[in-house]
There are 2 protein chains.
Amino acid sequence: MRRNKVSIRDIARECNVSVATVSRVLNNSDAVKEDTRILVQNVIDKYNYRPNELARGLYTQRTKTIGVIMPEVTSHFFAKVFIEIEKSATEYEQTVFLCNTLSDNKLQDFYTLRLSEKQVDGLILLGGRVNETKTDVQYVNLLKNNFYPTPVVIINGKLENYYDNCASVSSDEHEAMFQAVSYLTSLGHKKIGFLGGQRGIMSTDIKLKALDEAKSVFDFTMKDEWIKLSTYNYQGGVQSILELLKEKELPTAIIAINDEAAAGIVNTCISKGYSVPGDFSVLGFDDSSISTITMPSITTISHPYEKLGSLSVEFLNNMIDEKPMKDVTNISLKMNFVERGSCGKITEAAL
Amino acid sequence: MRRNKVSIRDIARECNVSVATVSRVLNNSDAVKEDTRILVQNVIDKYNYRPNELARGLYTQRTKTIGVIMPEVTSHFFAKVFIEIEKSATEYEQTVFLCNTLSDNKLQDFYTLRLSEKQVDGLILLGGRVNETKTDVQYVNLLKNNFYPTPVVIINGKLENYYDNCASVSSDEHEAMFQAVSYLTSLGHKKIGFLGGQRGIMSTDIKLKALDEAKSVFDFTMKDEWIKLSTYNYQGGVQSILELLKEKELPTAIIAINDEAAAGIVNTCISKGYSVPGDFSVLGFDDSSISTITMPSITTISHPYEKLGSLSVEFLNNMIDEKPMKDVTNISLKMNFVERGSCGKITEAAL
DNA sequence: GCAAAAAATGTAACGCGTTACATCCTATTT
DNA sequence: AAATAGGATGTAACGCGTTACATTTTTTGC
């Protein structure tokens, strides 16, 4: 077996003090005589000794570790949120386990159990399909039976009423959708389509619901044939716009599930000879890096990434420390409109 | 303090057996009478008991955890490699800590110590600038003093001769550069420029060196003024092409440090009224998702992502298990040419 | 039916920090 | 100089699996 690192007992022996004293020096706790402190610290430095976090965690019941479960970091949205989570976690002196489920429920279960065994102090769930569908019920049960009472924060999802020790942080996609419609109608668009995404996933369901509700507030139509769902990526955008273009009557504005899909839509329109925004205004979501790459660049609605990350870590830590949450356990944050080139005033041509 | 989870002793008590027996059931080790096994397993299931990995790791000196340190997951290349690392790690029953340094050396040091305290079984270093520069020497010393003897694998970097317990897995960017030049010269290009990247980082240094060496094999020129370095992203591509366009004489083919930069180059050329590949052939690297989004799409040279991930995890585990490495501790993998639309035969116009 | 071998199970130490409690030492008070 | 308070340090239990070794139970062989 590999040689062991030096332990607190080794340090204590060399200093002729007890392990308790070394521990006190390590944690700046209680009183240690200055002479002793310096003596011990010197030996610690001499050996580059650092306490074993496993042993520490075993006793303190706190690992200073949190888990993050998401579908895929290769998606720009998730990667960006992750970076913010990590930044905040570092402020709380926490390290994060990142688990990519690749949208596989089995893998999600597996990682959840794994994280529980690793004694994470808390879990952040991202992009999950936690609502009323069947697999969700199953996952919620797994959480209840095998993860409770470890706290969980869900980002852009719903877990309240299902798991006791939880909180949520969301982008207000409902309000964002109203912003979107308000903007598009102000440009003169009266026919709006929706492309990409998938029912059963929060960010699609919410947007569609909002779009429907917006009908009673704004003057526009949205026919069922103008909704083509598929996936959350570029290819999904391509597929759904190709589907849409088969219709006899077409909308003049298109809201895409996200910027990746919007990019697929923009490029496909252009290569089919349409003009964007001349023939179609295309609006994306997320402010992904891709949105500045297409020509025209994509007008989009961005998530409050930094807040999304920092608040979820803050909420999680409040629960970990069992601090009162001031009744706010579910928060919804405003999304930000980013105007670029893919939307424009309705033109003669489009009518 | 939060209530403790059920422990192996609780299970043992309820079963009227010793903890050793429960442990044996958990690990399928030694012989346990079938009756006992079933009895114990039932109680384990009843309580959804799962052993505490901290305690296990404390004794076995193995945490089944590895660390990955990289600049940023928001970069597509790193995210893709990470996904592959995670897949392979899962096969080895390992969980991974992901640390993003945001290219900050301090943060890199910090995370390295953190991972050491967490007793990771091994570390994979990605995109680091480990070679002869000053900060590297400092980092290597940190590894030696505070991380050794935990094994380290570096992807697309060099650590041999600096750290004892290490291995490396690389994309053969040198050979890839020869492929690139061979391809471009075969299309008739005799003037090749190089844009993006940064000296001191392996993937830039190697490419420039290879480009230089290729001069004696292929018939082309590469003037110093045609090399404009900046960063690894879209903006870097934009900046460097704008710099290049100020030159009196211009190359007809451009090799970009990666696809993000290539995208910036392609789009900038187009918006300046040039044609790609009519006026400039642009070749990228990495096969990032962005390369299929620009118009034209970007001809690129891809990394063997899956191998990069799986071999680094395999090497790491060989070192963890102290298996002989058959003398292969540094491996270089062939990159793959992906022909798309951004390169073409040299035209009259470009001459 | 008994001895010996084999199988099953138990005991207790171990890995390594942390901390409640005990003990010892120094300084202050009278 | 003795008593006391308070500061400094030590002792040992604890958290929870694992495993070497010891002990008990069962099986095998004759």
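Residues numbered from 1 in each chain as written. Chains lettered and ligands numbered in written order. Predicted model: local features only at pLDDT ≥ 70, side-chain atom pairs only at ≥ 80, totals over all residues. Heavy atoms only, no water.

*Asks:* What should I look at first to understand the overall build of chain A in this one?
*Replies:* Helix and strand counts for chain A come out as twelve helices and twelve strands. Radius of gyration (C-alpha) of chain A: 26 Å, far over the 20 Å computed for a compact globule of 351 residues. When its C-alpha atoms are laid out on the principal axes, chain A stretches across 90 × 40 × 40 Å. For chain A, the share of sequence-separated contacts (at least 6 apart) that also reach a separation of at least 24 residues comes to 73%. On chain A, roughly 14,900 Å² of surface is accessible, and the fraction owed to carbon and sulfur atoms is 49%. Here chain A contributes 39 positively and 44 negatively charged side chains, and the mean placements of these two sets differ by 5 Å. (Helix = DSSP H or I, 4+ residues; strand = E, 2+ residues; numbered from the N terminus. Rg over C-alpha atoms; globule rule 2.2 N^0.38 Å. Contact = heavy atoms within 4.5 Å. Areas by Shrake-Rupley, 256 points an atom, 1.4 Å probe, with all protein chains shown as cover. Lys, Arg positive; Asp, Glu negative; His and termini not counted. Charge placed at Lys NZ, Arg CZ, Asp CG, Glu CD.)

*Asks:* For this particular structure, what's the right way to read the protein's contact with DNA strand C?
*Replies:* Contacts to DNA strand C come from 28 residues, most closely from I8(A), R9(A), R56(A), A31(B) and T36(B). Backbone atoms, meaning sugar and phosphate, make up 60% of the atoms of DNA strand C lying within 4 Å of the protein. Taking Y49(A), its side chain carries an N or O atom lying 2.9 Å from a sugar or linking oxygen of DNA strand C. Looking at the surface near DNA strand C, the elements with two or more residues in it are α1 (8-15), α2 (19-27) and α4 (53-60) of chain A together with α2 (19-27) and α4 (53-60) of chain B. If one sorts the elements of the surface near DNA strand C by residue count, α2(B) sits on top with four residues. When its residues are assigned to classes, the surface near DNA strand C shows 14 nonpolar, ten polar and four charged. (Near = heavy atom within 4 Å. Polar contact = N/O pair within 3.5 Å; in protein donor to acceptor, adjacent residues only side chain to side chain. Nonpolar A, V, L, I, M, F, W, Y, C, P; charged D, E, K, R; others polar.)

*Asks:* Can you walk me through the packing of aromatic side chains in this structure?
*Replies:* Here the distance between the centres and the angle between the planes together describe a pair of aromatic rings. Applying the stated rule across the entire model yields 15 aromatic pairs over all chains. When the ring centre of F285(A) is taken as reference, the NZ or CZ atom of K207(A) above it lies at 4.2 Å. (Phe/Tyr/Trp six-rings, centres within 6.5 Å; stacked < 30°, edge-to-face > 60°. Lys NZ or Arg CZ within 6 Å of the ring centre and 35° of its normal.)

*Asks:* I would appreciate a short explanation of the interface of chain A and chain B in the present structure.
*Replies:* Note on interface size: it is often stated as the accessible area lost on association of the parts. Of the residues lining the interface, 66 residues belong to chain A; the matching set on chain B comes to 66 residues. Summed over both partners, the interface of chain A with chain B buries about 5,900 Å², with 56% contributed by carbon and sulfur atoms. The interface formed by chain A and chain B includes two salt bridges. Among the ionic pairs, E117(A) bridges to R50(B), the shortest N-O distance being 2.2 Å. Viewed at the interface, chain B and chain A are joined by 24 residue pairs in polar contact (both at pLDDT 80 or more). When residues of the side of chain A that touches chain B are traced back to their parent elements, those giving at least two are α4, α5 (76-91), β2 (95-100), α6 (105-117), α7 (134-146), α11 (259-271) and α12 (305-320) of chain A. If one sorts the elements of the side of chain A that touches chain B by residue count, α5(A) sits on top with eight residues. (Buried area = accessible area lost by both parts, 1.4 Å probe. Salt bridge = Lys/Arg side-chain N within 4 Å of Asp/Glu carboxyl O.)

*Asks:* Is there a simple way to think about the domain arrangement of chain A in this case?
*Replies:* According to the domain assignment, chain A consists of domain 1 (8-51), domain 2 (63-170 + 305-332) and domain 3 (173-303). One C-alpha centre belongs to domain 1 of chain A, the other to domain 2 of chain A, and the line joining them spans 37 Å. (Domains from an automatic or database assignment.)

*Asks:* What should I look at first to understand the packing of α1(A) against α2(A) in this one?
*Replies:* For any two helices packed against each other, one specifies the inter-axial angle together with the distance between the axes. All names here are of chain A. At a closest axis distance of 8 Å, the pairing of α1 and α2 adopts a crossing angle of 110 degrees. By the angle between their directions, the pair α1 and α2 is classed as roughly perpendicular. On α2, the residues touching I8, R9, I11 and A12 of α1 are V19, V22, S23 and L26. Among the residues making up the contact of α1 with α2, the classes are represented as six nonpolar, one polar and one charged. (Axes fitted to C-alpha atoms, helices over the stretch in contact; angles between N-to-C directions. Parallel < 35°, antiparallel > 145°, perpendicular 65-115°, else oblique.)

*Asks:* Would you take a moment to explain the sheet that holds strand β12 (residues 336-338) of chain A for this structure?
*Replies:* Note: strands within a sheet are paired through backbone hydrogen bonds, in either parallel or antiparallel orientation. All names here are of chain A. If you trace the six strands from one edge of the open sheet to the other, you get β7-β6-β8-β9-β10-β12, paired in mixed fashion. Among the strands making up the open sheet, the edge pair consists of β7 (227-228) and β12. Relative to β12, strand β10 (residues 299-302) runs antiparallel, the two being bridged by three bridges. By the bridge assignment for β12, S302 is matched with N336. Taken strand by strand, helix α9 (residues 202-214) contacts β6 (192-195), β7, β8 (253-256) and β9 (281-286), and its axis lies near 170 degrees from that of β6. (Pairing = 2+ DSSP bridges.)

*Asks:* Teacher, can you tell me more about the pattern of salt bridges here?
*Replies:* Pairing is possible between side chains that carry opposite charge, provided their charged atoms lie close to one another. All names here are of chain A. Across all of its chains, the model carries 30 salt bridges over all chains by this definition. K87 serves as the salt-bridge partner of E84, at 3.4 Å between the closest nitrogen and oxygen. Of this pair, E84 and K87 are both found in helix α5, three residues apart, which corresponds to roughly one turn of the helix. Residue E84 is classed as buried on the basis of its relative accessible area of 14%. (Buried < 20%, exposed > 50% of the residue type's maximum accessible area, 1.4 Å probe, protein only.)

*Asks:* Please explain empty space enclosed by the protein as it appears in this structure.
*Replies:* It is the rolling of a water-molecule-sized probe over the atoms that shows where space remains empty. Within the structure shown, the criterion is met by two cavities of 30 Å³ or more. By volume, the second largest cavity amounts to about 160 Å³. If you list the elements that add at least two residues to the lining of the second largest cavity, you get α4 of chain A together with α4 of chain B. Of the residues in the lining of the second largest cavity, the class split is four nonpolar, four polar and four charged. (1 Å grid on protein atoms, 1.4 Å probe; cavity = no way out; pocket = protein on both sides within 12 Å on 5 of 7 lines; lining within 4 Å. Points joined across faces, edges and corners; volume = space filled by probe spheres on them.)

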